[in-house]
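Below are the chains, spelled out letter by letter.
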Amino acid sequence: MKMHLDSARDVRPRRRDLHANLIEHAYADGIALARALASAVACDLRDAILTRGIGLLALSGGTTPQRFLIELGRQRLDWGRVVVTLADERWVKPDDARSNARLLRETLFAGAAAAARFEPLFEPAYHPDAALPRIARRIDALPLPFDAVVLGMGGDGHTASLFPGGDTLAQALDPHGRQRVVLLHAPAAPEPRITLTLPTLLATTALYLHIEGDAKRAVLAKALDAYTRNEDMPIRAIVNCAGEPLRMYWCA
Ligand SMILES: O=C(O)[C@H](O)[C@@H](O)[C@H](O)[C@H](O)COP(=O)(O)O
């Protein structure tokens with residue numbers, strides 16, 4: 001029985017107000033949240049390494065996770081037995097300021113966690129279409145399920161790069177879809193995106209959502225409203241289709 005001891009500063013008990021399939025862990029501030037989430041994910045990875053010899057992790061990019069990724073990199077575990085990939089990637093070069101791979105390189109992989117194997121969602125190619133089959137082959141070879149997936153959420157209710165209006169969103173949200181990764185273009189995404197699909201993101205032992213601020217919590221509440229459709233706010237599909245309750249880590 002895995003016990004994740006939340007930080008002593010977990011100011012409120014775990015709540016299910018937003019949705020029966022979502023357990024909310026609220027923290028006083030971003031650093032308490034980052035440390036608690038890093039501790040929980042590290043616990044998942046240690047358990048996995050003990051039980052199956054490998055820890056398989058998918059992480060999100062953006063601005064919110066920076067502190068969490070630094071704290072995760074400080075966790076003591078056998079990083080040489082961990083494989084990390086991304087929930088999604090912007091189609092930019094790995095040294096571009098918008099690259100999620102660069103974010104992980106500058107935070108998570110800045111110390112001992114550099115021993116982990118990283119499977120990027122970017123490969124050099126003139127067009128992402130040309131690179132997608134090579135990327136898909138690498139992601140298809142990962143020994144799912146993940147041991148932890150950590151998602152973020154945008155102000156429009158997207159998660160990973162499952163954006164409203166995405167040209168391949170229907171394919172990516174198909175719970176019975178066979179593709180683990182798709183190329184997606186969307187009006188709100190400044191560049192083409194490579195994203196894991198819904199069934200792939202849900203193929204995990206532990207599923208986390210890391211959001212910060214009242215505004216994001218209000219967006220999530222709207223997404224979980226009965227009259228919202230999955231394609232309008234894709235985070236809804238994650239909460240509704242997850243087999244295990246989604247563990248939401250949040251601070252005001
Ligand atoms: O590549 C990305 O941008 C992320 O994977 C994306 O899904 C992110 O989680 C949300 O866009 C929230 O981003 P912020 O944390 O910057 O608000």
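Right above here is the structure, for reference.
First, a word on what this report is: a plain description of the structure on this page. (Residues numbered from 1 in each chain as written. Predicted model: local features only at pLDDT ≥ 70, side-chain atom pairs only at ≥ 80, totals over all residues. Heavy atoms only, no water.)

**Points about the site of the ligand**
Then comes step 1: Neighbouring residues of the ligand: 16 residues in total, closest Thr63, Thr64, Asp88, His158 and Ala160.
Then comes step 2: A distance of 2.7 Å is found between an oxygen atom of the ligand and a side-chain nitrogen or oxygen belonging to His158.
Then comes step 3: Here an oxygen atom of the ligand sits 2.7 Å away from a polar atom, N or O, in the side chain of Lys216.
Then comes step 4: Its residues assigned to classes, the shell around the ligand comprises 2 nonpolar, 10 polar and 4 charged. (Near = heavy atom within 4 Å. Polar contact = N/O pair within 3.5 Å; in protein donor to acceptor, adjacent residues only side chain to side chain. Nonpolar A, V, L, I, M, F, W, Y, C, P; charged D, E, K, R; others polar.)

**A short note on the packing of helix α1 (residues 30-52) against helix α2 (residues 66-73)**
Then comes step 1: Between α1 and α2, whose axes approach to 8 Å, the crossing angle comes to 45 degrees. Classed by the angle they form, the pair α1 and α2 counts as oblique. Along this stretch, α1 crosses α2, giving a crossing that reads as right-handed. Of the residues in α2, those in contact with Gly30, Ile31, Ala34, Arg35, Leu37, Ala38, Val41 and Ala42 of α1 are Arg67, Phe68, Glu71 and Leu72.
Then comes step 2: Here the contact of α1 with α2 is composed, by residue class, of 8 nonpolar, 1 polar and 3 charged. (Axes fitted to C-alpha atoms, helices over the stretch in contact; angles between N-to-C directions. Helix = DSSP H or I, 4+ residues; strand = E, 2+ residues; numbered from the N terminus. Parallel < 35°, antiparallel > 145°, perpendicular 65-115°, else oblique. Left-handed = near helix turned anticlockwise from the far one by under 90°. Contact = heavy atoms within 4.5 Å.)

**Let's talk about the packing of aromatic side chains**
Then comes step 1: All told, the structure shown has 4 aromatic pairs when counted by the stated rule.
Then comes step 2: With 5.5 Å between their ring centres and 55 degrees between their planes, Phe109 and Phe118 make a pair best called tilted.
Then comes step 3: Residue Phe118 is classed as partly exposed on the basis of its relative accessible area, which comes to 25%.
Then comes step 4: Centroid distance Tyr208 to Tyr249: 5.8 Å. Interplanar angle 65 degrees. Geometry classified as edge-to-face. With a gap of 41 residues between them, Tyr208 in strand β9 (residues 207-212) and Tyr249 in strand β10 (residues 246-251) connect regions that are remote in the sequence.
Then comes step 5: A relative accessible area of 0% places Tyr208 in the buried class.
Then comes step 6: Every member of this aromatic cluster is reached through a ring pair, and the members are Tyr27, Tyr208 and Tyr249.
Then comes step 7: Between Arg217 and the ring centre of Trp250, over which it is positioned, the NZ or CZ distance is 5.4 Å. (Phe/Tyr/Trp six-rings, centres within 6.5 Å; stacked < 30°, edge-to-face > 60°. Buried < 20%, exposed > 50% of the residue type's maximum accessible area, 1.4 Å probe, protein only. Lys NZ or Arg CZ within 6 Å of the ring centre and 35° of its normal.)

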